[in-house]
Amino acid sequence: MKKIVLFTVFISLSFYGFSQDVKYGVRGGYNISNLDFDNPYAIENKHRNSMYFGAFATIGLNKTLSLMPEFQFSAEGANEEKINLDYLQVPILVRFRISEKFHAGIGPQVGLKINKFEDGIRNFAYSGVAAVEYKINLMLFADVRYTYGFSNVFDEPLGITARNRNIQLGVGYKF
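As a convention, each chain's residues are numbered from 1 in the sequence order in which they are written. Restriction of local features to residues with pLDDT of at least 70 applies here, the model being predicted, together with a cutoff of 80 or more for giving and counting side-chain atom pairs; totals for whole chains, interfaces and linings are based on all residues. To obtain the side-chain values, all non-hydrogen atoms of the structure were included, while hydrogens and water were left out.

(A) Representation of the overall build of the chain in the model. Counting its secondary structure elements, the chain contains 1 helix and 8 strands. For the chain, the N- to C-terminal ordering of α and β elements is α-β-β-β-β-β-β-β-β. Buried means the residue's accessible area, taken with a 1.4 Å probe over protein chains only, is under 20% of the maximum for its type, while exposed means over 50%, and partly exposed covers the values in between. Split into buried and exposed, the 175 residues of the chain put 46% on the buried side. Here, two residues are considered to be in contact whenever any of their heavy atoms come within 4.5 Å of each other. For the chain, the share of sequence-separated contacts (at least 6 apart) that also reach a separation of at least 24 residues comes to 58%. Here, Shrake-Rupley sampling with a 1.4 Å probe gives the accessible areas, and only protein chains in the shown set may cover a residue. Just so you have it, the chain exposes about 9400 Å², and 65% of that area is on carbon and sulfur atoms. Here a helix means four or more residues in a row that DSSP labels H or I, a strand means two or more in a row labelled E, and each is numbered from the N terminus.

(B) Representation of the layout of surface pockets in the model. Its volume calculated, the largest pocket comes out at about 480 Å³. Within this scheme a cavity is a closed region of a 1 Å grid, computed over the protein atoms alone, that accommodates a 1.4 Å probe without allowing it to escape, whereas a pocket is open but has protein on both sides within 12 Å along at least five of seven lines; lining residues each have an atom within 4 Å of a point. Asp21, Lys23, His103, Lys135 and Lys174 are, among the 24 residues lining the largest pocket, the residues nearest its centre. If you list the elements that add at least two residues to the lining of the largest pocket, you get strand E1 (21-37), strand E2 (48-60), strand E3 (65-77), strand E4 (84-97), strand E6 (124-135) and strand E7 (140-149). When grouped by side-chain class, the residues that make up the lining of the largest pocket number 7 nonpolar, 8 polar and 9 charged. Grid points are joined across faces, edges and corners, and a volume is the space filled by probe spheres set on the points. Residue classes follow a fixed rule: Ala, Val, Leu, Ile, Met, Phe, Trp, Tyr, Cys and Pro count as nonpolar, while Asp, Glu, Lys and Arg count as charged, and any other residue, Gly among them, counts as polar.

(C) Spotlight on the sheet that holds E4. Around the barrel, which closes on itself, the 8 strands sit in the order E1-E2-E3-E4-E5-E6-E7-E8 with antiparallel pairing between neighbours. Between one strand axis and the next, the sheet turns by 25° as a mean value, whatever way the strands run. Two strands qualify as a pair provided that DSSP identifies no fewer than 2 bridges between them. Two elements, E2 and E3, share 7 bridges in a ladder whose sense is antiparallel. Paired with Ala55 across the two strands is Phe71, which belongs to E3. A fitted line through C-alpha atoms serves as each axis, taken over the contacting stretch for helices, and the angle formed by two N-to-C directions is quoted from 0 to 180°.

(D) Representation of the nonpolar core in the model. One finds Leu35, Phe37, Ala78, Ile83, Leu85, Tyr87, Ile121, Ala125, Val153, Phe154, Ile160 and Ala162 forming the largest nonpolar core, which totals 12 residues. When near neighbours in sequence (up to four residues on either side) are disregarded, Phe37 contacts Asn45, Ile83, Phe154, Ile160, Thr161 and Ala162. Take the buried Ala, Val, Leu, Ile, Met, Phe, Trp, Tyr and Cys residues and link them wherever side-chain atoms come within 4.5 Å; each set so joined is a nonpolar core. If you look at the next biggest cluster of nonpolar residues, it comprises 6 residues, including Phe56, Leu93, Val129 and Ala131.

(E) Spatial organisation of empty space enclosed by the protein. Applying the stated criterion to the full structure yields 2 cavities of 30 Å³ or more. If you add up the space inside the largest cavity, you get close to 60 Å³. Lining the largest cavity are Met68, Leu93, Arg95, His103, Ala104, Gly105, Ala131, Val132, Glu133, Asp143 and Arg145. For the lining of the largest cavity, the elements supplying multiple residues, two or more each, are E4, strand E5 (102-113), E6 and E7.

(F) Looking closely at the pattern of salt bridges. Salt bridge criterion: a side-chain nitrogen from Lys or Arg within 4 Å of a carboxyl oxygen from Asp or Glu. The final tally for this structure, using the stated rule, is 14 salt bridges. Note that Glu133 and Arg95 form a salt bridge whose closest N and O atoms lie 3.1 Å from each other. One end of the pair, Glu133, is in strand E6; the other, Arg95, is in strand E4, and 38 residues separate them in sequence. Given the relative accessible area of 6%, Glu133 is considered buried. When its relative accessible area of 5% is taken as the criterion, Arg95 is described as buried.

(G) Layout of the environment of Asn123. With respect to the secondary-structure elements, Asn123 resides in the loop between E5 and E6. Considering only alpha carbons, one finds Asn123 and Gly111, 12 residues apart in sequence, at a separation of 8.1 Å. Setting aside anything within four residues of it in sequence, one finds Asn123 in contact with Gly111, Leu112, Lys113, Lys116 and Phe117.

(H) Quick peek at the side chain of Gln89. Within the secondary structure, Gln89 sits in strand E4. A residue is classified by how much of its surface remains accessible, and Gln89, at 2% relative accessible area, is buried. Polar contact is defined as a pair of N or O atoms within 3.5 Å, subject to the rule that within protein one atom must be able to donate a hydrogen and the other to accept it, and that residues adjacent in sequence are counted only when both atoms are side-chain atoms. Within the structure, the side chain of Gln89 is placed 3.0 Å from the side chain of Glu76, a separation counted as a polar contact. Apart from residues no more than four positions distant in its own chain, Gln89 is found in contact with Glu70, Phe71, Gln72, Ser74, Glu76, Gln109, Val110 and Gly111.

As structure tokens, then:
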């Protein structure tokens, strides 16, 4: 946990000196999440509707490119209680300006499971994130993100392979 927070702070501060523009903000919204199993699984695998919230920094590198490190809580997994997965996550997106109102981003994400331990589910998750953002006004924006897990959410001895999939629909506010 400390390593994730220190890494985020380090990245944010290291780019501060090189950046043209740094903005901070908060974002939150609605999650639609599910697990993508390689083989059929005995537990009913319905999607989980939940929420996410967090804080971010947007670090402008030039007029069309920026870096967006974040720290967020996200409730993911599937609807079955055994496979509810709540994470503290650190996504780091590279954002591209498409127009004055639209931005797109892509990047890696690491997550630390916080709700249960020693339950057969790995405590760390590694994912890829793709995002589209619409700027409503100078401070308010709406965004849509898709996250796909690269790592198996289950421990190896269980013999089950599944990856987390997640769609985030949300709004954010830049200070």
